Amino acid sequence: MNHILTIGGRQFRSYFNGPVAYIVICIVMLTLGFFFWNTFFLFGRASAREMFRWLGLILVFALPALTMGLLAEEKRTGTIELLITMPVTEAQVILGKFVGVLGLYAVLLVLTLAYPISVSTLGNLDWGPVWSGYLGLFLQGSAVLAIGLMASSWTSNQLIALFVAMTLSVFFWVLDKFLALLPTSAASALEWLSFDYHFQSMARGVVDLRDVLFFLSVTAFALALAFRALESRRWS
Amino acid sequence: MTDVMIDARDLTKHYGPVTALKNASFQVNRGEVVGFLGPNGAGKTTAMKILTCFIAPSGGTASVGGADIFDDTIAVREAIGYLPESTPLYTEMLVLEYLEFAGKMRGLSGSGLQARLRRVVEETSLGDVIGKSIGELSKGFRQRVGLAQALIHEPPVLILDEPMSGLDPNQASEIRELIREIGRERTVLLSTHNLAEVRVTCGRVLIISQGEIVADDTPDELAARAGKPRFVATLRQNDHSASDIREAFSAIGDAQSVNEQAGAAAGELVVEVVPKGNQDLRADIFQAAVSANLVLLGLEQRGEDLEDIFRELTTGAGASS
C-alpha cells in the first residue's frame, strides 16, 4: 500500500512540473464554460444537468491526454527500469500510476464545482442530482483513465497511447447513440455497454448499483490488461 | 548468509531469433568489485537486467544475496542497488525529491530516511545541487544522483551498467574513486567497455563476447596470461651504431632477442629487449648501458596489454578458450 501511494504521489506531483496537466485543466474548464453557458439561459432552469451532459463528453476526449505518458514515457526514457527494479510488484506500479492520475482527476472535478455553485446563486439548485452526477463522472472518468493507462502500457509512444485511448473511450461513449439503426436485441446489449447510458442515469440523480458496478468492472478489466502488458516485458 | 553474493548459472536469453546470452555462469563473492567487460551488444546489459529481475532468462537461473530471481524477486530487488545504462532519472524532479522518492520506495521513512539522505548526499558530493532539478544537471552529476539512489538503502550488492560512459576524464575519475570507495564494503558488479577502468577499479574481470563468458580472472593474471613483458630502451646515438648497441645488450644473460625499433627521434635509438622468461631486465639493461658507455634516455616495461587480450578474446578467436 505504501508503495502504491509513493508511486501515486510522485506521479501526481510530477503533473504539476510539466505543462500537460495545466493544459488539460484549462481546456476542460473553457470548453465546458462555452457549451454550458451557451445554452444555460435558453432552458431557464437552475439545473446542472446540461453541465453533466457536456462534461461527460469533454472528459472522454480530455482524460487520455493525462494518461498517455504514464507508462509510455517511462518506457521511452528508460525510467521504467529503475522503477520496476525497486522492490515493488507490477501490480503496485500499475495501481500507483492509477492512483496518481485519479488524484489529478479529482482536483479537476473539484474545480468544475465552480459551475454548479454559480448556478446555485442564480436559482434554487437541487444538489442531490449534482452529487450523484459527480459520482457518475468520477466512475466514468476512472474507466476512461484505466483504459488510457492500459493503452500507455502497450507502447512507448505517447501519441499512439493517446490515439488508442481516445478511440476506445469515444467508442464506448458513443455506443448508445446509433441504437435506432439496430434490431432491438442488439440495441439493448450495446446500450448496456455504453458509458453514456450508465452515466446519464446517474446524472439524473439515480444511483443504480448496476451502473456503479459497470464502471468498476471496466476499470478493473483495463487495469488487469495493463498489468499483463507490464508483466509480459519480463518474458518477451 | 552465503559469501557468494551473485550466482549465475547457465543464463541464456533469446530475443526472438537473436541469442543475447548463452549459458553464462559466473559468481561474485562478498566484497568483490567485478568488471563485466565486453564489446557493445555482447550481453552485459542483458545479464544485468536478468540479475535485477527486469527481464527473465530463457534458460538457467541466478540468485542474488541468496534469493532466487524467479522465486523471490522482491528479496533480490531489495538486495540490489541498480544503476541502469545511461542513468534514466525523472528529469523534472529535484535531486532531493528524487532521492526521497527512491528512499521511500526502499521502505525508508522519517528520521531513518533523513539520516540516509544526508549520508548518500555526502558520499556522492551532491550537496551543492540538492535543490536543482535533475534535468539541469551535467552528466557527471546525474551519474552521481544515479549512484546515490542505488546506495540509499545500503544494499549489499550494487549493479552498475556503464557507470562511467559519457563522462569527461575528470568526472570519470571522480566516479571511479567513488566506486572504489563503495567497493570496500559492498559487492559491486559493473559493466564497461573501457579497459583502463577495469584495471583501476576491479579486482576481477569477466570478459563476455557474443553472449558467452570467455574469461574470468584478475586483470593482472589476464595480462600475464597473454605474454611476456618487453623492455624498450631509448638511447642517445652519439657515434654508436645500432650493431654496437645490439652487442652490448646481447651480453645480458636473460635476453632472448634485441631489436632496433623504428620511429626514434633524431639523434636517438630505440631498442626492444625481450627476456627469455618473465624476468625483469630493467636493472640489467641499465648496467649493460653503463658498461658500454651508452647514455640511457628512457626505459619502459610493456606487457602485452589487457587491450590485446580483450581483442583476442572478443573477436571470434576467443570462442575456443
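Note that the coordinates shown come from a computational prediction; the quantities given were computed from them, not determined experimentally.

Caption draft 1: The arrangement of the sheet that holds strand 9 (residues 204-209) of chain B in detail. Residues and elements named next belong to chain B. In space, the 6 strands of this open sheet follow the order 6-7-8-3-9-10, with mixed pairing throughout. Both outer strands of the open sheet, strand 6 (80-83) and strand 10 (212-217), are each paired with one neighbouring strand and no more. Strand after strand, the sheet turns through a mean of 15 degrees between neighbouring axes, direction not considered. Across 4 bridges, strand 6 lies against strand 7 (residues 157-161) in parallel orientation.

Caption draft 2: Main features of the domain arrangement of chain B. Assigned domains of chain B: these are domain 1 (4-225) and domain 2 (228-302). Distance from the C-alpha centre of domain 1 of chain B to the C-alpha centre of domain 2 of chain B: 45 Å.

Caption draft 3: Expanded view of the packing of aromatic side chains. All names here are of chain A. Within the structure shown, the criterion is met by 23 aromatic pairs over all chains. Look at Phe 52 and Tyr 134: their rings are 5.4 Å apart centre to centre, the planes differ by 85 degrees, and that puts the pair in the edge-to-face class. Taken together, the residues span a long stretch of sequence, with Phe 52 in helix 3 (residues 49-67) and Tyr 134 in helix 8 (residues 127-153) at a distance of 82 residues. Summarising the aromatic geometry, the rings of Phe 195 and Phe 215 are spaced 5.8 Å apart at their centres and angled 65 degrees between planes, so their arrangement reads as edge-to-face.

Caption draft 4: Main features of the pattern of salt bridges. Under the criterion given, the structure shown has 23 salt bridges over all chains. Across the pair Lys22(B) and Glu212(B) runs a salt bridge whose closest N-O atoms are separated by 3.7 Å. Of the two residues, Lys22(B) is situated in strand 2 (residues 18-29) and Glu212(B) in strand 10; the sequence distance between them amounts to 190 residues. Exposure remark for Lys22(B): the relative accessible area of 36% places this residue in the partly exposed category. Connected through shared salt-bridge partners, Arg10(A), Glu74(A), Lys97(A) and Glu92(B) make up one network.

Thresholds applied
- Residues numbered from 1 in each chain as written.
- Chains lettered and ligands numbered in written order.
- Predicted model: local features only at pLDDT ≥ 70, side-chain atom pairs only at ≥ 80, totals over all residues.
- Heavy atoms only, no water.
- Pairing = 2+ DSSP bridges.
- Helix = DSSP H or I, 4+ residues; strand = E, 2+ residues; numbered from the N terminus.
- Axes fitted to C-alpha atoms, helices over the stretch in contact; angles between N-to-C directions.
- Domains from an automatic or database assignment.
- Phe/Tyr/Trp six-rings, centres within 6.5 Å; stacked < 30°, edge-to-face > 60°.
- Salt bridge = Lys/Arg side-chain N within 4 Å of Asp/Glu carboxyl O.
- Buried < 20%, exposed > 50% of the residue type's maximum accessible area, 1.4 Å probe, protein only.

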